[in-house]
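Commentary on secondary and tertiary structure
Here are the chains, one letter per residue:
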Amino acid sequence: MLKIYNTLTRSKEVFIPRVAGKVGLYVCGMTVYDYCHVGHARVMVVFDTVVRYLRYSNYDVTYVRNITDIDDKIIHRANENSEDFNALTERFIEAMHEDERALSVLPVDIEPRATTSIPDIISMIEKLITNGFAYLGTNGDVFYAVEKFKNYGQLSGKNLDDLQVGERVDVDLAKRNPMDFVLWKMAKINEPFWVSPWGNGRPGWHIECSAMSTCCLGNSFDIHGGGMDLQFPHHENEIAQSEAATGEKFVNLWMHNGFVRINEEKMSKSLGNFFTVREVLKQYRPEIIRFFILTSHYRSPLNYSEESLSDAEAGLTRFYTALRDVEIVDADIDLEFKTRFEQAMNDDFNTPVALAVLFDVARELNKTKSPVLAITLRSLASVLGLLQDDSETFLKGTNDGDAEIEAQIQARIDAKKAKNWLLADQIRDELKAKNIILEDSPDGSTRWRR
RNA sequence: GGCUGCGUAGCAAAUCGGUUAUGCAGUGGCCUGCAAAGCCAUCUAGAGCGGUUCGACUCCGCUCGCAGCCUCCA
């Protein structure tokens, strides 16, 4: 029985899909004006793992994750680069897909873009105006009137009266209420625009997600996810928009993942303290990043550090070492470990506990070399998107220079046969200086890893 | 000011009202020419103060500390 923590109720709930056996999942994706950083990688990996586990649990999942390909920052960056905004977003969408593939993130089912959803966005804004939830501001922008929506604040636990409006941001006098937010923004000179009943302009940020999610998944759907920082105002506003437009309950279950931190501080673009996925990939193999992300529960903070990454590498090495030399056969997996793994994942996708179960499998496997345990380890790990590589490939890395290493190892084997321990140890030390670790087998052969 | 969440051993990270989490590192042993890998054993816990309880790291309250949101943010 799968339980998931619902931000809306602040408790773990037994997951019951609207339609038996089917799950509609929408996750707020990236604004594509720069490379993805580790924080974005966390969203991708976490929800990829959620989807993998739901599918493993025999749910028919429709996974939608949008791309925000028009907004102020994109326009700004395109201007900085003297580049067409479409060219800019295309570049970063391609880069994002590359990062995802590297991290073994499976493609989403539907990847709607704001710029190709304009008619849906306009029609939702029209409904909001008709239903009395939106109005034309004095500057020509269309705004959502938050006080018209009686449950405003239900997700974030905020009360309109308690919010310190205007303390750090100037109040826009075009709005009736300072908390009102823009649905349609008039284009300034030289800005990209789309034609609408309210003039040439572009959609506000929040409305695109309401339009795209309901278009792809229906007025009501099962799970909506995203980073913690989107809880307010983004997701709060999505609820207000969608429910005011459709008159139906928008989403049953809200999932929010925790931040990646650096030195106990949120990793973010605005703070400038971020590492892009491709930067980290220069130093660590992609599976290490994925493993690192899954060593922490998705709602907990995840502190990024060199030490955490090398710990992750050590952990993966242990797994791949255990899998080495064991024949992978087609067999039923060990029921006890399978049950423990599922219990962990059923408890709000508790990947740290699931990994602990896999480490227990690895210990047994090391003791017994049982093919059943090997297939158990590999198939359960595949639910987490891990351990699908060949052991030798992982342990040796992809660098070249292997022939030279093999030659030195042969020289050492000869030295060992001659009981020339001094030379044998010298060769081993030389290789160790190049981060090559040797392991002698009882049969006289030697193998190595990086 | 309002609202969230968190505080576990050297590091990372979970579970759980009473029984070994787990990984890395350390220590002792087995194995090895010596190592490495592996196996076995083992040392470091639960911010502080109260309360509930036969018993609390686990539930409740308060204090302190940290992070986040209230502005774009995954």
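Residues numbered from 1 in each chain as written. Chains lettered and ligands numbered in written order. Predicted model: local features only at pLDDT ≥ 70, side-chain atom pairs only at ≥ 80, totals over all residues. Heavy atoms only, no water.

Some thoughts on the overall build of chain A
When its secondary structure is counted, chain A shows 15 helices and 15 strands. In terms of overall dimensions, chain A has C-alpha extents of about 90 × 50 × 35 Å along its principal axes. Going through the 450 residues of chain A one by one, you find that 50% of them count as buried. (Helix = DSSP H or I, 4+ residues; strand = E, 2+ residues; numbered from the N terminus. Buried < 20%, exposed > 50% of the residue type's maximum accessible area, 1.4 Å probe, protein only.)

Regarding empty space enclosed by the protein
Tallying each qualifying case throughout the model produces one cavity of 30 Å³ or more. Size it by volume and the largest cavity reaches roughly 50 Å³. Every element with two or more residues in the lining of the largest cavity is listed here: helix 1 (38-56) and helix 8 (286-294). Ranked by the residues each element gives to the lining of the largest cavity, the list is headed by helix 1, at three residues. (1 Å grid on protein atoms, 1.4 Å probe; cavity = no way out; pocket = protein on both sides within 12 Å on 5 of 7 lines; lining within 4 Å. Points joined across faces, edges and corners; volume = space filled by probe spheres on them.)

Considering the packing of aromatic side chains
Under the definition given, this model contains 20 aromatic pairs. Ring geometry for Tyr35 versus Phe92: centroids 5.0 Å apart, planes at 80°, classification edge-to-face. With Tyr35 in the loop between strand 3 (22-27) and helix 1 and Phe92 in helix 3 (residues 85-102), this pair connects stretches of sequence that are 57 residues apart. A residue is classified by how much of its surface remains accessible, and Tyr35, at 31% relative accessible area, is partly exposed. Ring pairs connect the aromatic residues Tyr26, Phe221, Phe250 and Trp254, which therefore count as one cluster. Stacked on the ring of Phe259, the Lys or Arg Lys266 has its end atom at 4.5 Å from the ring centre. Directly above the aromatic system of Tyr298 lies the positively charged group of Arg299, at a separation of 5.9 Å from the ring centroid. (Phe/Tyr/Trp six-rings, centres within 6.5 Å; stacked < 30°, edge-to-face > 60°. Lys NZ or Arg CZ within 6 Å of the ring centre and 35° of its normal.)

What to know about helix 1
Between its terminal C-alpha atoms helix 1 stretches 26 Å, which fits the 27 Å expected from 19 residues at 1.5 Å a residue. Of all the 19 residues making up helix 1, 17 are buried; the element is thus mostly covered by neighbouring parts of the structure. The positive-phi residue at the C-terminal boundary of helix 1 is Asn58, with phi of around 70°. (Expected span 1.5 Å × (residues − 1).)

Overview of unusual backbone geometry
Residues Phe232 and Pro233 are joined by a peptide bond in cis, for which omega reads 0°. Within the secondary structure, Pro233 is located in helix 6 (residues 231-246). Backbone geometry places Ser104, a non-glycine residue, at a positive phi of 60°. By the secondary structure assignment, Ser104 is in the loop between helix 3 and helix 4 (118-130). With phi around 70°, Asn190 is a residue other than glycine that occupies positive phi space. Of note, Asn190 is situated in the loop between strand 7 (181-186) and strand 8 (201-203). Judged by relative accessible area, Asn190 falls into the exposed class, the value being 75%.

Focus: the packing of helix 1 against helix 12 (residues 371-383)
It is at 8 Å that the axes of helix 1 and helix 12 come closest, and there the two elements cross at 120°. Accordingly, the angle class assigned to the pair helix 1 and helix 12 is oblique. Counted together, Thr49, Arg52, Tyr53 and Tyr56 of helix 1 and Leu380, Ser382 and Val383 of helix 12 form the full contact between these two elements. Classifying every residue of the contact of helix 1 with helix 12 by side-chain character gives four nonpolar, two polar and one charged. (Axes fitted to C-alpha atoms, helices over the stretch in contact; angles between N-to-C directions. Parallel < 35°, antiparallel > 145°, perpendicular 65-115°, else oblique. Contact = heavy atoms within 4.5 Å. Nonpolar A, V, L, I, M, F, W, Y, C, P; charged D, E, K, R; others polar.)

Considerations on the side chain of His40
Here His40 shows up in helix 1. Residue class for His40 comes out buried when judged on its relative accessible area of 16%.

A word on the confidence of the model for chain A
Here chain A averages 93 in pLDDT, and 98% of its residues register 70 or above. For this predicted complex, the interface score ipTM comes out at 0.94, while the overall pTM is 0.95. (pLDDT = per-residue confidence, 0-100.)

Things to note about the protein's contact with RNA strand B
By nearness alone, 65 residues border RNA strand B, and Lys73, Trp205, Gly227, Val353 and Arg428 come closest of all. At a separation of 3.0 Å, a sugar or linking oxygen of RNA strand B approaches a polar side-chain atom of Asn366. Here the surface near RNA strand B takes eight residues from helix 11 (residues 351-368), the largest share from any one element. (Near = heavy atom within 4 Å. Polar contact = N/O pair within 3.5 Å; in protein donor to acceptor, adjacent residues only side chain to side chain.)

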